[in-house]
Amino acid sequence: MHLAYPAVLAALLFCTGLYGVLARRNAILVLMSVELMLNAVNLNLVAFDVWLRDTLHAGQALTLFTIAIAAAEIGIGLAIVLMVYRNRATSDVDRLRDTAEPRPPLSSALRATDPDTDAPGGPAGDADSGDPDPDDPGRAAGEKAEATA
Amino acid sequence: MSPLAAAAAHGFLSPTGVEIAFLLVGVVTLGAAVLTVTTRHLVHAALWLVVALGGLAVEYLLLTAEFIAWVQVLIYVGSVVVLLLFGLMLTRAPIGRSPDADSGNRPAALAVAVAAAAALVWVVVDAFRATWIDLDGPAQGSTRVSGEILFRHWVLPFEALSVLLLAALVGAIVLSRRDGADAGGDQAAPPRKDR
């Protein structure tokens, strides 16, 4: 079999995962894209192991290790996503901006529509009632302060 | 489709049955992967991921790495996708279409991905255009061979990996458990205030 088949397929799968990591907003979809990228790497490892006829079969052993590490990564990643969801009531990676730089002033026009900025407003006093409301900016800011404390 | 064009440009000399099967399964796998990263149904993304990972398992079988293939089916299709579906359910992902599944930097992501794909495919095809995998002879990755090399040459990394898995398991439990006071609280409880 031509080696270009698995190599090209692995490259395309990796770039598909790359697009998913960059373009997706939900954290779990980002994790799925990371899985796609890891699988592309696995395909490369297996193909080159079979091509080289390595006596140690390093490619296949490393593939098994990668699969195990991916399983550990998905467990830890989902635990983190669940904890973030419990604290912030959202799993959008776009909304987790605690460590982001402050926006430059040229984007102040966008600031009015962004729910994450510290615009005052929102019905106050409902912080303890009802379901978590991800669209309440005052509450999100308060939780942000508490979560970082 | 670009994978067909890129791959078939150098393989049309004498495509064997294995190559044709690999190409067909590869097209299915790539299509499922593209649907995974582009669909707006969050649950459908997980289900397309099953198709992509299962297709990859078939590719491993075609590359005579059968142990890897069954591990792929067991770990990825069996447990990782189930974990992802549980994660989607626990974060209350919408069942139907969710219009905000993609973030605003989608054109930039598309540009980066297409540029990376073009560069990688060009380099890989240019580098391996005259390289052939010899699939004859005994299987390279049968369970016997994999077990022998894993427990003869790779024992120490294997054990270290088991420690890593244990640490990840404990870490996931510690991260996701609630404190004892409200351990019986349901999922609909408001977000916690003391963290």
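Values in this document were obtained by computation on a predicted structure and should not be read as measured data.

S.K.: In this structure, what is going on with unusual backbone geometry? I would like to understand it.
M.R.: Trans is the common state for peptide bonds, and a negative phi is the common state for residues other than glycine. Residue and element names in this part refer to chain A. Within the chain, Arg53 stands out as a residue other than glycine whose phi angle is a positive 50 degrees. By C-beta crowding, Arg53 is classed as exposed, having 11 other C-beta atoms within 10 Å. Unlike most non-glycine residues, His57 shows phi in positive territory, near 50 degrees. Looking at the element boundaries, His57 is found in the loop between helix H2 (27-52) and helix H3 (58-88).

S.K.: Looking at this model, I keep getting lost on the environment of A:Ala70. Mind explaining?
M.R.: All names here are of chain A. Tracing the sequence through the fold places Ala70 in helix H3. The class of Ala70 is buried, set by 21 C-beta atoms lying within 10 Å. Ignoring anything within four residues of it in the chain, the contact list for Ala70 reads Glu35 and Leu38.

S.K.: Even after reading the chapter, I still don't get the nonpolar core, so can you show me in this structure?
M.R.: Among soluble globular proteins, nonpolar side chains are generally buried collectively. Counting 81 residues, the largest nonpolar core has A:Ala7, A:Val8, A:Ala11, A:Leu12, A:Leu13, A:Met32 and A:Val46 as the members making the most contacts within it. Elements represented by at least two residues in this core include exactly helix H1 (4-23), H2 and H3 of chain A together with helix H2 (17-38), helix H3 (42-62), helix H4 (66-90) and helix H5 (106-127) of chain B. Looking at this core element by element, the count peaks at 16 residues for H1(A).

S.K.: Is there a simple way to explain the packing of H1(A) against H5(B) in this structure?
M.R.: When two helices pack together, you describe them by how their axes are tilted relative to each other and by the distance separating the axes. Put simply, H1(A) and H5(B) touch, their axes get as near as 8 Å, and they point 165 degrees apart. By the angle class used here, H1(A) and H5(B) are roughly antiparallel. Regarding H1(A) and H5(B), the two cross each other, and that crossing is right-handed. Two secondary-structure elements touch here, H1(A) through A:Ala4, A:Ala7, A:Val8, A:Ala11, A:Leu12, A:Cys15, A:Leu18, A:Tyr19, A:Leu22 and A:Ala23 and H5(B) through B:Arg106, B:Ala109, B:Leu110, B:Val112, B:Ala113, B:Ala116, B:Ala117, B:Leu120, B:Val121, B:Val124 and B:Val125. The class makeup of the residues in the contact of H1(A) with H5(B) is 20 nonpolar, no polar and one charged.

S.K.: Where do I start with the packing of H2(A) against H3(A) in this structure?
M.R.: Residue and element names in this part refer to chain A. Two elements in contact, H2 and H3, have axes whose closest approach is 9 Å; the angle formed by their N-to-C orientations is 175 degrees. Between H2 and H3, the interaxial angle falls into the category roughly antiparallel. Across the interface between the two elements, Ala27, Ile28, Leu31, Glu35, Leu38, Val41, Asn42, Leu45, Val46, Phe48 and Asp49 of H2 pack against Ala58, Gly59, Gln60, Leu62, Thr63, Thr66, Ile67, Ala70, Ile74, Gly77 and Val81 of H3.

S.K.: When you look at the confidence of the model for chain A in this model, what are you seeing that I'm missing?
M.R.: Regions with low pLDDT should not have their predicted coordinates read in detail. All names here are of chain A. Here chain A shows a mean pLDDT of 77. Residues at 70 or above account for 69%. The secondary structure element of chain A with the lowest average pLDDT is helix H5 (residues 137-148), at 47, and the one with the highest is H1, at 94. Confidence over residues 117-149 falls short of pLDDT 50; this stretch has 31 contacts with residues more than four positions distant or in other chains.

S.K.: Would you explain the interface of chain B and chain A in this entry?
M.R.: When the parts come together, some accessible area is lost, and that loss is often what is quoted as the size of the interface. Counting residues at the interface gives 86 residues for chain B, matched by 69 residues for chain A. Looking at the side of chain B that touches chain A, the elements with two or more residues in it are helix H1 (2-11), H2, H3, H4, H5, helix H6 (143-152) and helix H7 (155-176) of chain B. Across the side of chain B that touches chain A, the residue classes tally to 58 nonpolar, 19 polar and nine charged.

S.K.: How should I be thinking about the UniProt feature "transmembrane region" (unreviewed entry) in chain B in this particular structure?
M.R.: All names here are of chain B. Sequence positions flagged by UniProt for "transmembrane region" (unreviewed entry) are, in local numbering, residues 20-38, 45-63, 69-88, 108-125 and 154-175. From the first C-alpha to the last, residues 108-125 spans 26 Å; its make-up is 100% helix and 0% strand. From the first C-alpha to the last, residues 154-175 spans 31 Å; its make-up is 95% helix and 0% strand.

Reading the values: rules and limits
- Residues numbered from 1 in each chain as written.
- Chains lettered and ligands numbered in written order.
- Predicted model: local features only at pLDDT ≥ 70, side-chain atom pairs only at ≥ 80, totals over all residues.
- Buried ≥ 20, exposed ≤ 12 C-beta atoms within 10 Å, placed from the backbone.
- Helix = DSSP H or I, 4+ residues; strand = E, 2+ residues; numbered from the N terminus.
- Contact = placed C-beta atoms within 7 Å.
- Core = buried A, V, L, I, M, F, W, Y, C linked by C-beta atoms within 7 Å.
- Axes fitted to C-alpha atoms, helices over the stretch in contact; angles between N-to-C directions.
- Parallel < 35°, antiparallel > 145°, perpendicular 65-115°, else oblique.
- Left-handed = near helix turned anticlockwise from the far one by under 90°.
- Nonpolar A, V, L, I, M, F, W, Y, C, P; charged D, E, K, R; others polar.
- pLDDT = per-residue confidence, 0-100.
- UniProt positions renumbered as here; feature names shortened; annotations may be inferred.

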